[in-house]
Amino acid sequence: MEEMMCYIPKTLEEALEIKSRHDVIVLAGGSDLMVSNKRTLGLAPKFDKPVMIVRNLPELRGIYINEEGECCIGAGCTSAQIAESTLCPWHLRQAASRMGAVALRNSATIAGNIANASPKGDTPGPLYMLDARVKLSSVSGSREILVSDFIVKFRTIDLRPDEMITEVIVPLSEDDFDYVFWHKVGTRKANAISKITLSQAIKFNADGTVKDYRVAATATGAKTNRSRDVESIIIGKRLSPELIEDVIKGFDDVISPRAMPEFRREATRRMIRRFLNVADTHPEGKVIDTYDGYYVVGQPEPRVL
Amino acid sequence: MVAHDISKAVRRLDAVSKSEGSVKYIADYGFEDCLWGRLVRSSIPRGIIKDIKLPEMPDGYRFITYKDIPDGGHNYLHMIATDWKCFAENDVRYVGETIGIIVGPDRTIVEDLREKIVIEYEEQEPAVSIDDGLACKGGAFINDDNIHCHLKLEVGNVDEAFRKADRIVEETIETGFQEHVYLETNGACCMPDGDGYKIYASAQCPFYIRKSIAPLLNIDPSKISVQQTTTGGAFGGKEHFPDVVCGPLLLAAYVMKKGVKMIFDREEDIENSVKRHPSKTVFRTGLDKDGNIVAMDSKVYYNVGGYLSSSFVVLQRGCFHVTGCYEFPNMRTEGFGVATNTYPSCAFRGFGAPQTLFAVETHMCHIAEMQGLDPLEYKKRYFIKQGGTTSTNGKIVEKVMIPEMLDQVLKASDYERKAKEYKWGSGKGIGISFYNHGGAFTGNGEQAIIKGRAKLHKFKDGTVEILCSQTEMGQGFHTILPKIAAHILEIPIEKVIFKDPDTSRVPDSGPTAASRSTMIVGELVERAATLMKPRYDKEEEFEVETQYEHPDGYPWDQSTFQGYAYLGYGWGVCAVEVEVDPCTGEVTTKGVWSSHDCGHLIDEMIVHGQVNGGVLQGIGWASTEVLKNVGGHFKQTSMSDYIVPTSMDCPKQGVSFVENPYEWGPFGAKGMGELVFNGSGAAYIDALSRAIGKRITAIPVPTEDVMGYMLNGKDLKEAL
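Fair warning: this is a prediction, and the values are worked out from it, not measured in the lab. (Residues numbered from 1 in each chain as written. Chains lettered and ligands numbered in written order. Predicted model: local features only at pLDDT ≥ 70, side-chain atom pairs only at ≥ 80, totals over all residues.)

Secondary structure assignment for chain B yields 18 helices and 29 strands. The C-alpha atoms of chain B give 25 Å as radius of gyration, which agrees with the globular expectation for 720 residues (27 Å, within 12%). Projecting the C-alpha coordinates of chain B onto the three principal axes gives extents of approximately 75 × 70 × 50 Å. Evaluated residue by residue, chain B yields a buried proportion of 58% over its 720 residues. The contacts of chain B with a sequence gap of at least 6 include a subset with a gap of at least 24, amounting to 81%. (Helix = DSSP H or I, 4+ residues; strand = E, 2+ residues; numbered from the N terminus. Rg over C-alpha atoms; globule rule 2.2 N^0.38 Å. Buried ≥ 20, exposed ≤ 12 C-beta atoms within 10 Å, placed from the backbone. Contact = placed C-beta atoms within 7 Å.)

Given below as structure tokens:
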């Protein structure tokens, strides 16, 4: 059997040190890398570079609220941890709770879900929408950039060779909005890859005009789609059927689905129209879904109702 | 039912070992001094092999092809037909066709070598779909029309009825590929054994393997003994396919004079194994002025793939079932097995019947709906009854209990209220389907072809061993058969031994296929136990053997396909309720209710399990299980893109049965393993099309296609 170089640092400091000196593949949960590098049955996976396993670094496993009230999630937190944590924003918990199967959610990490820069990734939608940032650390310090800038394009991220993702910081949550929407159209009801996922949130001013509106779509293009310009169409204004159609039209121009374009475009249009129409009636409650009869088993409750 | 009724569930004899993980599958076996094998396959759908460039082979490693077949040996696999080559020679007919096997002691090195083999082809234009095949795209490669096999059946006079008909409606219904997705992938090992060979395989039919591969070495099948290893699911995918695995292993063991083992990984298994036949059924149905059916004509096309193998028999069963649970005064069907450059299609739960049953059920719905009628009310007019004429001019021998089954399903599902309340296109829908499945081999096949035999052996200590070739593959048969024997002998089931068959130890009781095991082999064991019982206390150790005997008076002509195709059918009624997300087209299955007639149940829990699984598998086939073949390559090759439904995709099912003992079955049991698959897809599609108010003519229908129908589909009331 071929030999393979593998680093297993005990501390984050040690990990950053290794990263500064060696060209390594960082492996945390392994739910993507062990699959994409696997060989046939009974054979060890084949990596073209040495691997550094950071799965057990304690510095990367915590979730806390910082002094600014932002939710800070360690890069090595698993989807299961995020889905269960009441500190995490509702949209993100929804996405984490419907990612893959139980076994995958117990190993897949948020940093991995961001770093693989897949347009079908589950967490980038909510992260884009909530203006989340990634903290990138190296031996020479750290920097923070928006997740939406960090993911440059399909399978491409803005990460220097000596850097590692160490934290994900989410400044907003459902508390900042009156109504929220998260709907994943998966390949089936569980253990599913996204065919399209839409995250939305809206906040009204006391006078009934829109204070803030956000919409992000997953699996509708080469990367997660969001456009502040489109969202701004209704900000500061009172909702009307015409304005809603303008948002729909605007967002339709933002997305660029290659496969199943008719379905992805039409489902996106209908989900935006539904959310804004229902929100405009100012109903009781906080969560709006695709239709009134919708019920998904095991959906975590929003933080605040 | 009496207190000691055999239907009362017992704990399955394999429950503990499978739950705790102590049972060994083929991948768990360690064989001494055994080599590893990997198949080298065609990467193109059609072409000529120009050159094979091998890397340097270390000592002990070898690439084996058809050229290594000894003098007198034959390069084919005997699977009903003998056209399927074990190894491609000069040309390849489909992606995944075996070209050779690379073997050696280290698995990693074997794989490294495999990756370095370069095969140069002269590529030819492939025919992939049924239409491609019929159009002889790239030139015909079977006969001059790409028709592997063909049959025609007629009852009454369709042409004359058409002349008198008020109108003739036409419609085409299509179904797609389906992958078996057994939990355990294919695997086998072949060891030299004295002057012969011993095969260990995850398989349904150990005797099939022997017969199929012996010609490679031109040896008598008895020189090969096949030991079935614990088999983690099969669904028909391990009926003939293990021959494709074991043939190269046998040749490799012969060449290397050592054992050779091979286990497929999941992607390899999905990409390179048999599938359910895609189908296309073209109906022409004559109606009188009141909208009643006076004649139904159908042309049935199955995508057979590169080799015929078992497909003619699959096509026959498809054609025999094309009139479903109905009797029309005039019926005609013509079946065509179409050659294409895709992996050869083969057995899959239902064996050709589900495709035509789906087609006729859906077509019947559409004829009703274009007249504004509830499909149930329309279908009711044509239910076949005892003594009714079948598509092969035979009669239905048994009592048909569809009315009783329908009552059960109507009550459980509240169909009548819902069908009225849920307007077409309202987003909610309920659908209903009727289906059957002819048990065991067609016609007199059990007597003429299989001649099944089974033995019981009593030991001194009072234990009784069942000796037959029937396999356990998860369906529960290795509990069913001991239960039958124990019940007759009135001994505890623990005293009955039933091991995974080894062809050197057991008589050939036929394949574990065709819903025949309980119905036919169960009866052999019931009869053997009955013969054993009076001697059980008197004699220390002895054997009793029984052989299948066909009841007199039910003629069948296999050359003309006329007569009694099946003596006992399983019957089914299934209702499905769905709700469609108006924003996304997502379908939620809200309820599933079925009733089945399987004669008398041998074990209600096992039958229940079969119903739950079969019904859900049928819904998967109609909904999420998209398997596209583009340019000869399957596009879905892993468990994350080939979408089988999960338990979250289906609510708890309402399950009921009717008691209708079968005269010639053990305790009155009939076949049921395939039956339970045959109708849920049609009920699901009926419900879905009513919910969206659109006519659906092809499956599967994943979410994106539901949206497509919502936007562009034809209205249910549109004329056909």
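Once the structure has been displayed, the description carries forward.
From N to C terminus, chain A includes eleven helices and 14 strands. For chain A, the C-alpha radius of gyration of 20 Å lies close to 19 Å, the compact-globule estimate for 305 residues. When the backbone C-alpha atoms are referred to their principal axes, chain A occupies close to 65 × 45 × 35 Å. Across the 305 residues in chain A, those meeting the buried criterion constitute 45%. When contacts within chain A are restricted to residue pairs at least 6 apart in sequence, those whose partners lie at least 24 apart make up 63%.

Further remarks concern helix α18 (residues 703-712) of chain B. Regarding α18(B), the residues found buried are T703(B), E704(B), V706(B), M707(B), Y709(B) and M710(B). As for α18(B), its buried residues are in contact with β11 (179-186), β12 (194-204) and α11 (261-279) of chain A together with β25 (569-580), β26 (587-597) and α17 (680-692) of chain B.

Residues and elements named next belong to chain A. The five strands are arranged β4-β5-β10-β6-β7 in an open sheet whose pairing can be described as antiparallel. Each edge of the open sheet is held by one strand with a lone partner, namely β4 (63-65) and β7 (141-146). Across the sheet, the mean angle separating the axes of adjacent strands is 25° when strand polarity is ignored. (Pairing = 2+ DSSP bridges. Axes fitted to C-alpha atoms, helices over the stretch in contact; angles between N-to-C directions.)

Once that is clear, we can look at the nonpolar core. Residues and elements named next belong to chain B. Judged by nonpolar contacts, the single largest core of 286 residues is most densely connected at V103, A188, L249, L250, A485, V525 and L688. The element contributing the most residues to this core is helix α6 (residues 241-256), with eleven residues. When neighbours within four sequence positions are excluded, L250 is seen to be in contact with C190, Y197, I213, L216 and L217. With seven residues, the next largest nonpolar core counts F177, V626, Y642 and I643 among its residues. (Core = buried A, V, L, I, M, F, W, Y, C linked by C-beta atoms within 7 Å.)

The subject of this paragraph is the domain arrangement of chain B. All names here are of chain B. Split into domains, chain B comes out as domain 1 (15-21 + 445-547), domain 2 (31-124 + 184-271) and domain 3 (279-442 + 562-712). Its C-alpha centre places domain 1 at a distance of 33 Å from the equivalent point of domain 3. Facing the 20 residues of domain 1 at the interface are 24 residues of domain 3. Residue assignment for the side of domain 1 that touches domain 3 shows that the elements contributing at least two residues are α13 (445-450), α14 (477-489) and α15 (517-536). Counting residues per element, the side of domain 1 that touches domain 3 draws most heavily on α15, which supplies six residues. Broken down by class, the residue content of the side of domain 1 that touches domain 3 amounts to eight nonpolar, seven polar and five charged. (Domains from an automatic or database assignment. Nonpolar A, V, L, I, M, F, W, Y, C, P; charged D, E, K, R; others polar.)

What follows is about the domain arrangement of chain A. Residue and element names in this part refer to chain A. When the domains of chain A are assigned, the result is domain 1 (6-170) and domain 2 (177-279). The straight-line distance from the C-alpha centre of domain 1 to that of domain 2 is 26 Å. Those elements that place two or more of their residues in the side of domain 1 that touches domain 2 are α4 (90-97), α7 (124-129) and β8 (151-153). If you tally residues by element for the side of domain 1 that touches domain 2, the top one is α7, at five residues. Of the residues contributing to the side of domain 1 that touches domain 2, the split by class is eleven nonpolar, six polar and four charged.

All names here are of chain B. At a closest axis distance of 7 Å, the pairing of helix α16 (residues 604-622) and α17 adopts a crossing angle of 55°. Considering the angle they form, α16 stands oblique to α17. Judged by the sense of rotation from one axis to the other, the crossing of α16 with α17 is right-handed. Facing α16, whose interface residues are V615, G618, I619, W621 and A622, α17 presents S680, G681, Y684 and I685. The residue inventory of the contact of α16 with α17, partitioned by class, reads six nonpolar, three polar and no charged. (Parallel < 35°, antiparallel > 145°, perpendicular 65-115°, else oblique. Left-handed = near helix turned anticlockwise from the far one by under 90°.)

All right, on to the interface of chain B and chain A then. Taken together, the 25 residues of chain B in the interface contact 28 residues of chain A. Of all the elements in the fold, those that place two or more residues in the side of chain B that touches chain A are α2 (107-116) and α18 of chain B. Among the elements that line the side of chain B that touches chain A, the one with the most residues is α18(B), at five residues. Taken together, the residues that form the side of chain B that touches chain A break down as eight nonpolar, eight polar and nine charged.

Another point: the environment of A698(B). Residue and element names in this part refer to chain B. Looking at the secondary structure, you find A698 in the loop between α17 and α18. The exposure class assigned to A698 is partly exposed, which follows from the 14 C-beta atoms found within 10 Å. The spacing of A698 and F358 is 340 residues in sequence and 9.7 Å in space, taken between C-alpha atoms.

Turning our eyes to something else, we now look at the sheet that holds β26(B). All names here are of chain B. Taken in spatial order, the four strands line up as β18-β25-β26-β29 in an open sheet, and their pairing is mixed. Each having just a single partner strand, β18 (428-438) and β29 (654-658) make up the two edges of the open sheet. Each strand of the sheet is rotated relative to its neighbour by a mean of 15°, with strand direction disregarded. Direction of pairing for β26 relative to β29: parallel, over a ladder of five bridges. Looking across to β29, one finds that H596 is bridged to F657.

Turn by turn, an α-helix covers 3.6 residues, leaving residues three or four places apart pointing in a common direction. Residues and elements named next belong to chain A. Listed as buried for helix α1 (residues 12-21) are A15, L16, I18 and K19. Summarising the axial view, the buried residues of α1 lie within an arc of 160°, below the 170-degree limit, and thus occupy one face. Of the surrounding secondary structure, the elements contacted by the buried residues of α1 are β1 (6-7), β3 (51-53), β6 (133-138) and β10 (164-170). (Arc of directions from axis to C-beta.)

All names here are of chain B. Cis peptide bonds are those with omega within 30 degrees of zero, and the linkage from I699 to P700 qualifies with 5°. Although it is not a glycine, N146 sits at a positive phi angle of roughly 65°. With respect to the helices and strands, N146 occurs in the loop between α3 (130-134) and β9 (147-155). Its 24 C-beta neighbours within 10 Å are what place N146 among the buried residues. You will see that N393, though not glycine, has its phi angle at about 60°, which is positive.

Glancing now at the packing of helix α9 (residues 353-370) of chain B against α17(B). Residue and element names in this part refer to chain B. Where α9 contacts α17, the two axes come as close as 9 Å, and the packing angle between them is 30°. Our classification of the angle between α9 and α17 gives roughly parallel. Considering how the two elements wind past one another, α9 and α17 form a crossing that is right-handed. Here P354, L357, F358, E361, T362 and C365 of α9 lie close against α17, whose contacting residues are G681, A682, I685 and D686. Looking at side-chain class alone, the contact of α9 with α17 contains six nonpolar, two polar and two charged residues.

With 99% of its residues at a pLDDT of 70 or more, chain B has an overall mean of 97. Our summary of model confidence lists the complex with pTM equal to 0.97 and ipTM equal to 0.95. (pLDDT = per-residue confidence, 0-100.)

It is worth spelling out the environment of S504(B) at this point. Inspection of the secondary structure assignment puts S504(B) in the loop between β21 (496-497) and α15. In sequence terms S504(B) and S225(B) are 279 residues apart; their C-alpha atoms lie 5.4 Å from each other.

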